[in-house]
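# Chain and residue survey
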Amino acid sequence: MQDHVVLYFAFGSCGHAIVEGRVIDFQRERLATAADRSLTNLRRSLRLIFNEERRHREVRLWMTNHEWHTATDDEGYFRCELKNLASVEPGWHRIHADCGDATDSIGLLLVPPGNVHGLISDIDDTVLVSEVSSKRRLLFNTLLRNPLQRAVGEHSPSSRSAT
């Protein structure tokens, strides 16, 4: 097993931002395919749900001309407030993290200071069909199908471009 850094989408305004993530153990597996069997998907899903957290690990975050340091908590999570971003333009930027040899990067959205409205949506039944109104179908779609096997939401961009 080795450490694996998982970053969550980061957000902020011009001036400061929040980056959150987790450091967990990692067992390299082959990538999911549309031909994967339910048992393969279940094993992969359970490894994502039940994993060993990496406690008190040092994490370095960086982007162009900026660097921050933080550490994971007892459950392997970290949260870092990025300050001194006034010189960074609004828009999408790449934020990177490392913990030992483990690395990850993700999008950091910095919104202009004048923005007062936002739209927040989750992925379930918006981008990928989960059928959250049926517990049985939700569990089936979540645990036994991988994203390549799940239907695309009716209003997602990829479903509109297919018509």
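### Here's the deal with the overall build of the protein
- Helix and strand content of the protein: three helices and eight strands.
- Going residue by residue from the N terminus, the α and β elements of the protein occur as β-β-β-α-β-β-β-β-β-α-α.
- Accessible surface for the protein amounts to roughly 11000 Å². Of this, 55% is attributable to carbon and sulfur atoms.

### Here we look at the packing of aromatic side chains
- Per the stated rule, a full pass over the model turns up one aromatic pair.
- Between Phe9 and Trp92, the ring centres sit 6.5 Å apart and the planes meet at 75°, which makes this aromatic pair edge-to-face. Of the two residues, Phe9 sits in the loop between β1 (2-7) and β2 (10-13) while Trp92 sits in strand β7 (residues 91-99), which places them 83 residues apart along the sequence.
- When its relative accessible area of 61% is taken as the criterion, Phe9 is described as exposed.
- Sitting over the ring of Trp62, Arg60 keeps its end group 4.1 Å from the ring centre.

### Notes on helix α1 (residues 38-49)
- Taking 1.5 Å of rise per residue, the twelve residues of α1 would be expected to cover 16 Å, and the 16 Å separating its terminal C-alpha atoms lies within 8% of that figure.
- Within α1 the residues assigned to the buried category are Thr40, Asn41, Arg44 and Ser45. Around the axis of α1, the buried residues are gathered within 130° of arc, so they sit on the same side.
- Contacts made by the buried residues of α1 are with α2 (135-144).

### Description of the packing of α1 against α2
- In contact at an axis separation of 7 Å, α1 and α2 are set at 85° when each is read in the N-to-C sense. Between α1 and α2, the angle is such that the two are roughly perpendicular. Contacts between α1 and α2 pair Ser38, Asn41, Leu42, Ser45 and Ile49 from the former with Thr142, Leu143 and Leu144 from the latter.
- Residue composition of the contact of α1 with α2, by class: four nonpolar, four polar and no charged.

### Notes on the nonpolar core
- Counting 22 residues, the largest nonpolar core has Leu61 and Leu82 as its most contacted members.
- For this core, the elements supplying multiple residues, two or more each, are β1, β3 (16-26), β4 (58-63), β6 (77-82), β7 and β8 (102-111).
- Here the element with the most residues in this core is β8; it accounts for four residues.

### Quick word on the confidence of the model for the protein
- Averaged over the protein, the pLDDT score is 85; the fraction of residues at 70 or greater is 88%.
- Mean pLDDT values over the elements of the protein span from 47, in helix α3 (residues 157-161), up to 97, in β4.
- A low-confidence stretch, residues 159-163 (pLDDT under 50), is modelled with four contacts involving residues beyond four sequence positions or located in other chains.

### Section: the pattern of salt bridges
- Within this structure, the stated rule accounts for nine salt bridges.
- The salt bridge partner of Asp3 is Arg57, with a shortest N-O separation of 2.8 Å. One end of the pair, Asp3, is in strand β1; the other, Arg57, is in the loop between α1 and β4, and 54 residues separate them in sequence.
- Taking the relative accessible area as the measure of exposure, Arg57 reaches 29% and is therefore partly exposed.
- A salt bridge links Glu53 to Arg22; the shortest N-O distance between them is 3.8 Å.

### Let's talk about the side chain of Asn41
- Secondary-structure assignment places Asn41 in helix α1.
- Its relative accessible area of 1% is what places Asn41 among the buried residues.
- Ignoring sequence-local partners within four residues, the contact set of Asn41 consists of Asp36, Leu143, Leu144, Arg145, Asn146 and Gln149.

Definitions and cut-offs
- The residue numbers shown here count from 1 along each chain, following its written sequence.
- A pLDDT threshold of at least 70 governs which residues receive local features in this predicted model, and a stricter bar of 80 or more applies before side-chain atom pairs are shown or counted, although totals over entire chains, interfaces and linings include all residues.
- Excluded from the side-chain calculation are hydrogens and water; included are all heavy atoms of the structure.
- The helix count covers DSSP runs of H or I at least four residues long, the strand count covers runs of E at least two residues long, and both are numbered beginning at the N terminus.
- Per-residue and other accessible areas were derived by the Shrake-Rupley procedure at a 1.4 Å probe size, with only the shown protein chains allowed to occlude residues.
- Each pair of aromatic rings taken from Phe, Tyr and Trp, with Trp reduced to its six-membered ring, is defined by centres within 6.5 Å and is described as stacked if the planes are under 30 degrees apart, edge-to-face if over 60, and tilted in the remaining cases.
- Type-normalised accessible area, obtained with a 1.4 Å probe on protein chains alone, sets the label of each residue: buried when under 20%, exposed when over 50%, and partly exposed for intermediate values.
- Criterion for a charge above a ring: Arg CZ or Lys NZ at most 6 Å from the ring centre, at most 35 degrees from the ring normal.
- Helix span is expected to be 1.5 Å times the residue number reduced by one.
- Directions from the helix axis toward the C-beta atoms define the arc.
- We call two residues in contact when some of their heavy atoms are within 4.5 Å.
- Note on definitions: angles span 0 to 180 degrees between N-to-C directions of axes, and those axes are lines fitted to C-alpha atoms, for helices only across the stretch in contact.
- Angle categories are assigned with fixed cut-offs, so that under 35 degrees is roughly parallel, over 145 is roughly antiparallel, 65 to 115 is roughly perpendicular, and the rest are oblique.
- Side-chain classes follow a simple rule in which Ala, Val, Leu, Ile, Met, Phe, Trp, Tyr, Cys and Pro form the nonpolar group, Asp, Glu, Lys and Arg form the charged group, and the remainder, Gly included, forms the polar group.
- Side-chain atoms within 4.5 Å are what join buried Ala, Val, Leu, Ile, Met, Phe, Trp, Tyr and Cys residues into a set we call a nonpolar core.
- The predictor attaches a confidence to each residue, and that confidence, scored 0 to 100, is pLDDT.
- For this analysis, a salt bridge means a side-chain nitrogen from Lys or Arg found within 4 Å of a carboxyl oxygen belonging to Asp or Glu.

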